[in-house]
Amino acid sequence: MQQKAYKYRAYPTEEQRTFFAKCFGCCRKIWNLMLADRNQYYKDTGKSLYPQPAQYKGAYPYLKEVDSLALSNVQKQQNKAIKDHIENPKAFGVPKFKAKKRCKKSYTTNNQKGTVALAESGIKLPKIGVIRTVLHRVPEEGWKIKSATISQKRDGSYHISVLCEKDTEDPERLPIDEDRALGLDYKSDGLYKDSNGDLAGMPKFFRKAQKRLAKLQKKLKNKEKSSKNYEKQLRKVAKLYVHVANQRRDHLQKLSTAITKQYDYIIVEDLNMRTMANKGFGNGKATMDNGFGMFQDMLAYKLKRKGGKLVVIDRWFPSSQLCSVCGYKNKKVKNLNVRSWICPVCGTEHDRDENAAINILVEGLRILYEEREAA
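Structure report, in brief.

To continue, consider the overall build of the chain. Summing up its helical and strand segments, the chain has nine helices and 13 strands in all. Summarising its shape, the C-alpha atoms of the chain cover approximately 75 × 60 × 55 Å along the three principal directions. Buried residues in the chain amount to 39% of all 375 residues. When contacts within the chain are restricted to residue pairs at least 6 apart in sequence, long-range pairs at least 24 apart make up 68% of them. Surface exposure of the chain reaches about 22700 Å², of which carbon and sulfur atoms provide 50%.

The pairing of strands in a sheet comes from backbone hydrogen bonds and takes either a parallel or an antiparallel form. Spatial strand order, 3-4-5: three strands in an open sheet with antiparallel pairing. The sheet is open, and its two edges are formed by strand 3 (117-118) and strand 5 (129-132), each paired on a single side. Pairing geometry for strand 4 (residues 122-125) and strand 5, over four bridges, is antiparallel. Within strand 5, the position partnered with leucine 125 by the bridge is glycine 129.

On to the packing of helix 1 (residues 14-45) against helix 2 (residues 68-87), then. At a minimum axis distance of 9 Å, the contact between helix 1 and helix 2 shows a crossing angle of 45 degrees. With respect to helix 2, the axis of helix 1 lies oblique. The handedness of the crossing between helix 1 and helix 2 comes out as right-handed. Residue-level contacts link Cys26, Cys27, Ile30, Trp31, Met34, Leu35 and Arg38 of helix 1 to Ala70, Leu71, Val74, Gln75, Gln77, Gln78, Asn79, Ala81 and Ile82 of helix 2. Residue composition of the contact of helix 1 with helix 2, grouped by class: eleven nonpolar, four polar and one charged.

Direction vectors running N to C along helix 4 (residues 210-221) and helix 5 (residues 228-262) enclose 160 degrees, while the axes themselves pass 9 Å from each other. When the interaxial angle is binned, helix 4 and helix 5 end up roughly antiparallel. At the point where helix 4 passes helix 5, the crossing takes the left-handed sense. Counting all contacts with helix 4, which are made through Arg212, Leu213, Leu216, Gln217, Lys219 and Leu220, the residues of helix 5 involved are Tyr230, Gln233, Leu234, Lys236, Val237, Leu240 and Tyr241. Residue classes in the contact of helix 4 with helix 5 are distributed as eight nonpolar, two polar and three charged.

Moving on: the packing of aromatic side chains. The final tally for this structure, using the stated rule, is nine aromatic pairs. With centroids separated by 6.0 Å and ring planes inclined at 55 degrees, the aromatic side chains of phenylalanine 24 and tyrosine 107 adopt a geometry described as tilted. A residue pair is termed long-range when its members are at least 10 positions apart, and phenylalanine 24 in helix 1 and tyrosine 107 in strand 2 (residues 105-110) qualify at 83 residues. Take phenylalanine 24: its relative accessible area is 6%, and that puts it in the buried class. Geometrically, the ring pair formed by phenylalanine 206 and tyrosine 241 is stacked, given 6.4 Å between the ring centres and 20 degrees between the ring planes. Here phenylalanine 206 is found in helix 3 (residues 205-208), whereas its partner tyrosine 241 is found in helix 5, with 35 residues between them in sequence. Given a relative accessible area of 39%, tyrosine 241 falls into the partly exposed group.

Let's shift gears to unusual backbone geometry. Phi at lysine 127 is positive, roughly 75 degrees, even though this residue is not glycine. On the secondary structure map, lysine 127 appears in the loop between strand 4 and strand 5. Positive phi outside glycine occurs at leucine 191, with the angle close to 70 degrees. Within the element layout of this structure, leucine 191 appears in strand 9 (residues 191-194).

Before going further, it helps to spend a moment on helix 4. It helps to recall that an α-helix has 3.6 residues per turn; residues three or four apart then point in one direction. For helix 4, built from twelve residues, the straight-helix expectation of 16 Å at 1.5 Å per residue is met to within 8% by its first-to-last C-alpha distance of 16 Å. Within the sequence span of helix 4, burial applies to Leu213, Leu216 and Leu220. Projected down its long axis, helix 4 shows its buried positions confined to an angular sector of 65 degrees, all on one face. The exposed residues of helix 4 that point more than 90 degrees off its buried face are Lys211, Lys215, Lys218, Lys219 and Lys221.

Mapped onto the elements of the fold, aspartate 67 is located in the loop between helix 1 and helix 2. Within the structure, aspartate 67 has its side chain in polar contact with the backbone nitrogen of leucine 69 (distance 3.0 Å). A polar contact is formed between the side chain of aspartate 67 and the side chain of threonine 109, at a distance of 2.6 Å.

Together, Asp167, Glu169, Asp170 and Glu172 make up a negatively charged patch on the protein surface. Looking at the secondary structure, you find glutamate 169 in the loop between strand 7 (158-166) and strand 8 (181-187).

Counting through the fold element by element, asparagine 32 comes out in helix 1. Reaching out from asparagine 32, the side chain makes a polar contact with the backbone nitrogen of lysine 98 at a distance of 2.8 Å. Each residue touching asparagine 32, except ones within four places of it in the same chain, is listed here: Phe97 and Lys98.

Attention now moves to the nonpolar core. Counting residues in each nonpolar core, the largest one holds 34 residues, and the members touching the most others are Phe20, Tyr107, Leu125 and Ile160. In terms of residue count, helix 1 provides more of this core than any other element does, eleven residues in total. Not counting the four nearest positions on each side in its chain, tyrosine 107 is found in contact with Phe19, Phe20, Cys23, Phe24, Cys27, Asp67, Ala70, Ala148, Thr149 and Ile150. Ranked by size, the runner-up nonpolar core spans 29 residues in total, among them Tyr192, Val244, Val268 and Met276.

What counts as what
Residues numbered from 1 in each chain as written. Predicted model: local features only at pLDDT ≥ 70, side-chain atom pairs only at ≥ 80, totals over all residues. Heavy atoms only, no water. Helix = DSSP H or I, 4+ residues; strand = E, 2+ residues; numbered from the N terminus. Buried < 20%, exposed > 50% of the residue type's maximum accessible area, 1.4 Å probe, protein only. Contact = heavy atoms within 4.5 Å. Areas by Shrake-Rupley, 256 points an atom, 1.4 Å probe, with all protein chains shown as cover. Pairing = 2+ DSSP bridges. Axes fitted to C-alpha atoms, helices over the stretch in contact; angles between N-to-C directions. Parallel < 35°, antiparallel > 145°, perpendicular 65-115°, else oblique. Left-handed = near helix turned anticlockwise from the far one by under 90°. Nonpolar A, V, L, I, M, F, W, Y, C, P; charged D, E, K, R; others polar. Phe/Tyr/Trp six-rings, centres within 6.5 Å; stacked < 30°, edge-to-face > 60°. Expected span 1.5 Å × (residues − 1). Arc of directions from axis to C-beta. Polar contact = N/O pair within 3.5 Å; in protein donor to acceptor, adjacent residues only side chain to side chain. Patch = residues over 30% accessible without salt bridge, like charges linked within 9 Å, V, L, I, M, F, W, Y side chains within 5 Å. Salt bridge = Lys/Arg side-chain N within 4 Å of Asp/Glu carboxyl O. Lys, Arg positive; Asp, Glu negative; His and termini not counted. Charge placed at Lys NZ, Arg CZ, Asp CG, Glu CD. Core = buried A, V, L, I, M, F, W, Y, C linked by side-chain atoms within 4.5 Å.

Structure below.
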């Protein structure tokens, strides 16, 4: 079974925006109610509880006004969040309560016998009808609509992501061709450097917008909180943040598409991007502005569609320290300030990032060959 999502910009009416706001709020309410009951039950008995959204509708009648499938999907999301935390507590934190100010505004509804469908003027959704939408592309023949996720960004814009599926098997794995494999070494100033010595380059959208952002935030500081002028200025700040995020995502989409057309296998390191973005590390702003984690996700699903693979090697692999010619390990290169070095064994002069990318490529190919032999 293959899946593909199509995201559209939506322009709901005032009535539809009110309905969406109710759905966002009720989903947040159900999440908090179920999580509170789960936590209390586990504290009292040491056992797990599996509450149902329907059991809360008696005490909170307004939950009946929204899409019931949206509440059911909240239950599934919370079950998955708890399961992920139990199986891998280091990667997935404990599910937390959702606050109105910090919570993402979105909900998901399922397609049941045409309740979610593409219409001439937009997208049809349960309980609210057709939402005016810019349908810049439509699913190809054979793809069926499974669900739709409605979201509102900080700047007030609405989007609908339609998930489609097709009853076909994934494409067969492409043969390993070393000429169509590429190693990428993450680089704070430039996103990555590959094993061919090419630097990707990153436009640094956030840094370019900093001066304008500072002016908008300065005006916001002088406004009285909760006033109409404050809310108006806050939307301007949010709009700029969303614009920068859209620029970054668009650039990474185009870059990932270009690279996956040229290569079948791409190898990267398993980096902890959250740790690298910490203030103490010193590269937080550059790390967040690059969006390398999002870039890896794009590479993964685009390679999978064509039968390729994104190979992730162990984060403790000493890619920067090894000489890519003779294999000598230079521990002095642990210092991040060392950007180039000469191998004392073979005399090869190395650029730190290019040498690391070559070693990442070699290690990734070794993993691929082992997988092929094991299969």
